[in-house]
Amino acid sequence: MFLYERACLWLGHIKLSRVIVMVSVILFVVPLFTHYYLSKYETASVALGSNSMRHTLEALGDISTMNIADLKLRIEEMLRIKASVSTELRELEEKRGRLQRESAAASAKADNVKAEYARATAELQRLRVSADQARLAQLEAIRRDTPELAPPALILPSQPPLILPPISPSSEINCRMHSCFDHSRCSLTSGFPIYFYDPDVFSPLAGAEVDGFLKTTLRQTLGYNAHLTQNPNEACVYLVLVGESFPFEKSVSSTIEPYKLLNETAIKNLPYWGGDGRNHVLLNLARRELSVGAGDAFSGASTGRAMIAQSTFTLNQFRSGFDLVTPPALGPPGGDVWSDCAPMAPARRKYLLSFQGSQSMTTSFQKDNDTYLIERLKKMANTAPESDLFYLQFDCDPPVEKRSVKSIGDWALCGTDRSRRSVLRDSTFVLIFAPGDSSYTTTALLQARLYEALRSGAIPAILGGDRITLPYDEVLDWRRAVLSLPKARVTELHFLLRALSDSDLLAFRRQGRVLWERYLSSVQASMDSLLATIRTRLNIPARPASPTMGAPAFNDSFSPPKLEPPAVDTEPEETLGPLEAPYPSPAYRRNYSLALLHGYEMWNDWGEPFALYPQLPWDPPVTSEARYMGSAAGFRPIGAGAGGSGKEFSEALGGDRPREQFTIVILTYERETVLAAALARLRGLPYLNKVVVVWNGVTPPSAAAWPDCGAPVAVVRATRNSLNNRFLPYHVIDTEAVLCVDDDAHLRHDEIIFAFRVWREHRDRIVGFPGRYHAWDLNFNNGFLYNSNYSCELSMVLTGAAFVHRYYLWAYWRALPAAVRDYVDHYMNCEDIAMNFLVAHITRKPPVKVTSRWTFRCPGCPVTLSADETHFHERHKCIQFFSQVMGYTPLLSTQFRADSVLFKTRIPHDKQKCFKFI
């Protein structure tokens, strides 16, 4: 039995062809062998003797008879053996087939195990890097010089101001923030609550009628302000509207027509006056009448410790750092004002300098002084080259009424607003005279001239500006928008105007328009700026801007099941970075310290200080999250890694900024198959914090299984189908870096990480892949046109695949005119061009393109918006309209492109790998 089993085992290892040949040989050889021996026996019998012949023949005769029968039996037995062997061979063949199948399955299983081992090895390596990053972060937290401190407790007063005895009129002139303001009602974390006296309830003077426009507009404007409170007991500042509502009395005995409050008791009887008016702001917003009476409503009146905000002040009356110079309320209540502005180009206009006005003098000295100025200006205009045209009109036609300017020698406005605007739009510079009465530091008429000049793009040139106080000058650098010259140096005026280059003229004009739009253009702009100035004095940070609360596509109790995406073969030696748990960007805590460190130089081009923003755009705190490296760099963030080259470079972000992650925002419209493929491609992407899917579709997304991308996925359902939804500052975005991508954009992981590294070095720019540029059209419209051809220059990077800072999502909705977003909605196009306009306008820098990609192909994707024939032509119109809204084309061209030196080059993991910028 043992031999049989071994034989069977031996036969199991023999191939079928060999077994068949062996059996055939046996069946052929055995009969031959038998026949051979029978013949041998017959030959031997002949050779025997005669005696034995007979016996032998008898014996052989019996044997032959026996062999024939036995042979049949043996043949039958051999046939049975053959049948048995054939059966066993078939069984062995079946067994061999089974063994081969099992062997193939085992080989496939071994291959899967090897692949899984490779993936597990790569995952282990990433986890080791993540563990190292976590240890560094822990070490960083331990080595901090200062511990984390909780913000001060919210301290709000619970009762109105205590009633104190009024101060003497002689002490009022010396009021400053430290002596006449109650800081105990304005703690650091109070949020700067303000209370507005409703003019219909608390009338400053019985029987007086408050200007209806100012009353309604101010109530509506302050209603939008986040600092307004309805509880007067917790207020930090109290606002009182004076405007043009107070009746005045004219002194018959005086020819100067002084104006003053008829009854000071009207203000002092306000319910929260507190006896001395501390923390009160008296608003005098001149509107209809720009005379000295309307501009200075408090001449000779006792206002206690209250601050005064108006357009007209004398040098003795104005308390620097306490009172505020505000523009007159000449503009609309609020909203977009771009349509009132003139284009910024060309730099040089028809007239080099213009002036329209009429003046009546009160003293011989003032008359002689200004007569000399007029003569010098006329001589300057007559001797100027033909290319320098002057438009000087020192007498109005028809003459204006002299009452409004008689008292201080101010210059009245000639003509109508429309006629003056037509001249200003043709003027490179506009002349503004300081009041003839040197005791005045500002007047409502001067502020009105400044308002009209900046609105029309004429650069103001103020003669006598050395004593003039402009609106909010403690926080605004007016030197970037206004030329100021003492009257004694009037002979230098022509030289100074000609010394400015075209680029300087455009810079002055651009900054002037920014200041006008943000501070002077509307009542809302003026009031927001006034409150921001007071808050900045108190070093109170602004309330954070509220993010957009996107409606989730799924309720809290349900989330779509996750589908494991198909495995993708990756090279284990190619490490792009660690896979870490999501963590937000460091919270911005410098709203307070920034003003102390930088003063007011950090006010941005939109006329607001960075302290008004919830995040400082591209200057995160480094020193509190860094360790000293003992090098010239000083501090280096631990979490950023060692940098360097090769393995160290691949496993850390490097640089001089803390480690961080990015959020991907995908805009889609009812294309779940394309979206699922996009999510599957993100599997294993390092530094990915979250994926935000903006669902623009009308119908909600289905509850089918979605691919697991390895990071949290937040699906936000938009209220309407709009391309602007791509840039909403959703509350689910926790990182400063935001990668905006289309659902059909195909990007490799190495491309995304490379772009992220480049963005960290250019945080204030758009960093992305598809580049475009704008070109001047000389043949048809004489404007800029959109161009997508391959070129050596670019001025735009499309946001279908680009990194932007989270700050720009907020600026897109707060700083960009609403007309731009409406235009995007109307054509369902150009939101990427609008973002490029915005970033270029704020930074005055071009975008950064990475890699050589110029377009993206999505085989098998449904038809997109860009496939429409009108899509390209609409983008021409977008550039021209956006330029009209902003007054110029802010896009800047660049030949810069960031590429990796060893891009797509396979090299050993421990060899050098770095980037170069070309």
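Residues numbered from 1 in each chain as written. Predicted model: local features only at pLDDT ≥ 70, side-chain atom pairs only at ≥ 80, totals over all residues. Heavy atoms only, no water.

**Digging into the overall build of the protein**
Helices and strands together make up the secondary structure of the protein, namely 22 helices and 31 strands. Across the protein, contacts joining residues at least 24 apart in sequence account for 79% of those joining residues at least 6 apart. In the form shown here, the protein has an accessible surface area of approximately 44600 Å², with 56% of it arising from carbon and sulfur atoms. (Helix = DSSP H or I, 4+ residues; strand = E, 2+ residues; numbered from the N terminus. Contact = heavy atoms within 4.5 Å. Areas by Shrake-Rupley, 256 points an atom, 1.4 Å probe, with all protein chains shown as cover.)

**Concerning the sheet that holds strand β25 (residues 771-776)**
Strand order across the open sheet formed by three strands is β26-β25-β27, with antiparallel pairing between neighbours. Because the sheet does not close on itself, it has two edges, and the strands there are β26 (784-787) and β27 (796-797). Two strands pair when backbone bridges link them, and β25 and β26 are joined in this way by four bridges, in the antiparallel orientation. Note that in β26 the partner of Tyr-773 across the bridge is Asn-787. Against the sheet, helix α22 (residues 869-886) touches β25, β26 and β27, its axis set at about 140° to β26. (Pairing = 2+ DSSP bridges. Axes fitted to C-alpha atoms, helices over the stretch in contact; angles between N-to-C directions.)

**Let's talk about the side chain of Arg-763**
Within the fold, Arg-763 resides in the loop between α18 (749-761) and β24 (767-768). A distance of 2.7 Å separates polar atoms of two side chains, one belonging to Arg-763 and the other to Glu-736. (Polar contact = N/O pair within 3.5 Å; in protein donor to acceptor, adjacent residues only side chain to side chain.)

**Quick word on the packing of aromatic side chains**
What the rule picks out here adds up to 32 aromatic pairs. Centroid distance Tyr-472 to Tyr-519: 5.7 Å. Interplanar angle 40°. Geometry classified as tilted. Note that Tyr-472 is positioned in the loop between β13 (459-463) and β14 (483-485) and Tyr-519 in helix α13 (residues 502-520), a separation of 47 residues in sequence. The same class applies to Tyr-472 as to Tyr-519, namely buried. Pairwise contacts between aromatic rings join Trp-338, Tyr-823, Tyr-827, Phe-837, Phe-881 and Phe-882 into one cluster. The side chain of Arg-875 reaches across the aromatic face of Tyr-786, ending 4.4 Å from its centre. (Phe/Tyr/Trp six-rings, centres within 6.5 Å; stacked < 30°, edge-to-face > 60°. Buried < 20%, exposed > 50% of the residue type's maximum accessible area, 1.4 Å probe, protein only. Lys NZ or Arg CZ within 6 Å of the ring centre and 35° of its normal.)

**A short note on the sheet that holds strand β2 (residues 237-241)**
With parallel pairing, five strands are arranged side by side in an open sheet as β1-β2-β3-β4-β6. In this open sheet, the two strands that pair with only one neighbour each are β1 (194-196) and β6 (324-325). The sheet contact formed by β2 and strand β3 (residues 280-283) spans four bridges and is parallel. If you follow Tyr-238 over to β3, its bridge partner there is His-280.

**Focus on the state of the cysteines**
The full count for this structure, using the stated rule, is four disulfides. Bridging Cys-396 to Cys-414, the disulfide has an S-S length of 1.6 Å. Judged by the sign of its S-S torsion, about -70°, the bond between Cys-396 and Cys-414 is left-handed. In this pair, Cys-396 sits in the loop between β9 (389-393) and β10 (411-412) while Cys-414 sits in the loop between β10 and α10 (417-424), placing the two residues 18 residues apart along the sequence. Overall, Cys-396 belongs to the buried group, its relative accessible area being 9%. (Disulfide = S-S within 2.5 Å.)

**Points about the environment of Leu-675**
Residue placement: Leu-675 occurs in helix α17 (residues 672-680). On the basis of relative accessible area, Leu-675 is assigned to the buried category, the value being 1%. The spatial distance from the C-alpha of Leu-675 to the C-alpha of Asp-744 is 7.5 Å, given a sequence separation of 69 residues. With residues up to four places along the chain from it excluded, the contact list for Leu-675 reads Ile-666, Thr-668, Val-693, Trp-695 and Trp-706.

**Some remarks on the pattern of salt bridges**
Inspection of the entire model under this criterion finds 31 salt bridges. Note that Arg-760 and Glu-660 form a salt bridge whose closest N and O atoms lie 2.7 Å from each other. Of this pair, Arg-760 sits in helix α18 while Glu-660 sits in the loop between α16 (646-650) and β19 (662-668), and the two are 100 residues apart along the sequence. For the pair shown, Arg-760 and Glu-660 are each scored as buried. Residue Arg-671 is joined to Asp-744 by a salt bridge in which the shortest nitrogen-to-oxygen separation is 3.5 Å. Of this pair, Arg-671 sits in the loop between β19 and α17 while Asp-744 sits in the loop between β23 (737-742) and α18, and the two are 73 residues apart along the sequence. (Salt bridge = Lys/Arg side-chain N within 4 Å of Asp/Glu carboxyl O.)

**Quick word on helix α6 (residues 212-223)**
Helix length check: α6 (12 residues) gives 17 Å between terminal C-alpha atoms against 16 Å at 1.5 Å per residue, within 8%. Taken residue by residue, α6 has Leu-214, Lys-215, Thr-217, Leu-218, Thr-221 and Leu-222 as its buried positions. Turning to α6, the residues buried within the fold contact β1, β2, β3 and α14 (523-537). (Expected span 1.5 Å × (residues − 1).)

**Remarks on the nonpolar core**
The nonpolar side chains of a soluble globular protein tend to be buried with one another. Phe-192, Leu-218, Val-237, Leu-239, Trp-478, Ile-534 and Leu-538 are the most contacted members of the largest nonpolar core, which has 52 residues in total. Not counting the four nearest positions on each side in its chain, Leu-239 is found in contact with Ile-194, Tyr-195, Phe-196, Tyr-197, Leu-222, Val-281, Leu-283, Met-527 and Leu-531. Core analysis: the next-biggest nonpolar cluster, separate from the first, contains 51 residues, Cys-740, Leu-798, Phe-837 and Val-839 among them. (Core = buried A, V, L, I, M, F, W, Y, C linked by side-chain atoms within 4.5 Å.)

**Side note on unusual backbone geometry**
Backbone torsion omega between Ala-345 and Pro-346 reads 0°, so that peptide bond is classified as cis. Within the element layout of this structure, Pro-346 appears in the loop between β6 and β7 (351-356). Phi is positive for Met-828, which is not a glycine, with a value near 50°. Note that Met-828 resides in the loop between α20 (818-827) and α21 (831-843).

**A word on α14**
End to end, α14 covers 21 Å across 15 residues, agreeing with the expected 21 Å (1.5 Å per residue, within 8%). In terms of residue burial, α14 counts as a mostly covered element, since 13 of its 15 residues are buried. Downstream of α14 by one or two residues, Asn-539 has phi in the positive range, about 55°.

**Considering the packing of α20 against α22**
Angle between the axes and distance between the axes are the two parameters that describe a pair of packed helices. At a minimum axis separation of 10 Å, α20 and α22 run at an interaxial angle of 165°. Relative to α22, α20 is oriented roughly antiparallel. Of the two possible hands of crossing, α20 and α22 adopt the one that is right-handed. For the pair α20 and α22, the contacting residues are Ala-819, Val-820, Tyr-823, Val-824 and Tyr-827 in the first and Glu-874, Lys-877, Cys-878, Phe-881, Phe-882 and Val-885 in the second. Among the residues making up the contact of α20 with α22, the classes are represented as nine nonpolar, no polar and two charged. (Parallel < 35°, antiparallel > 145°, perpendicular 65-115°, else oblique. Left-handed = near helix turned anticlockwise from the far one by under 90°. Nonpolar A, V, L, I, M, F, W, Y, C, P; charged D, E, K, R; others polar.)

**So, a nonpolar patch on the surface**
Together, Val-21, Val-25, Phe-28, Val-29 and Leu-32 give the surface a local cluster of nonpolar side chains, amounting to about 470 Å² of exposed area. Turning to its location among the elements, Val-21 is positioned in helix α2 (residues 16-46). (Patch = residues over 30% accessible without salt bridge, like charges linked within 9 Å, V, L, I, M, F, W, Y side chains within 5 Å.)

**Examining the packing of α13 against α14**
With their axes 6 Å apart at the nearest point, α13 and α14 run at an angle of 85° to one another. As the angle between them shows, α13 and α14 are arranged roughly perpendicular. Packed against α13, whose contacting residues are Glu-517, Arg-518 and Tyr-519, the element α14 presents Ala-525, Ser-526 and Ser-529 at the interface. Tallied by class, residues from the contact of α13 with α14 come to two nonpolar, two polar and two charged.

**Re the side chain of Arg-305**
Tracing the chain through its elements places Arg-305 in the loop between α8 (292-295) and β4 (307-310). Aside from chain neighbours lying at most four places away, what touches Arg-305 is Pro-165, Ile-167, Cys-175, Ser-179, Cys-180, Asp-276, Gly-277, Arg-278 and Phe-322.

**Details of the pairing of β4**
For a regular strand, side-chain orientation follows a simple rule: the groups alternate between the two sheet faces. Of the two faces of β4, the one holding Met-307 and Ala-309 and the one holding Ile-308 and Gln-310 are both buried throughout. In this structure, β3 lies alongside β4, joined through three bridges in parallel fashion. The residue bridging Val-281 from the neighbouring strand is Met-307, located in β4. Direction of pairing for β4 relative to β6: parallel, over a ladder of two bridges. Bridge assignment links Gln-310 to a residue of β6, and that residue is Val-325.

**Observations concerning the environment of Leu-377**
Take Leu-377: it is sitting in helix α9 (residues 364-383). In this structure Leu-377 comes out as buried when scored by relative accessible area, which is 0%. With 116 residues separating them in the primary sequence, Leu-377 and Leu-493 have C-alpha atoms 8.9 Å apart. For Leu-377, the contacting residues outside a window of four places in its chain are Leu-392, Phe-394, Leu-431, Phe-433, Leu-463, Val-490 and Leu-493.

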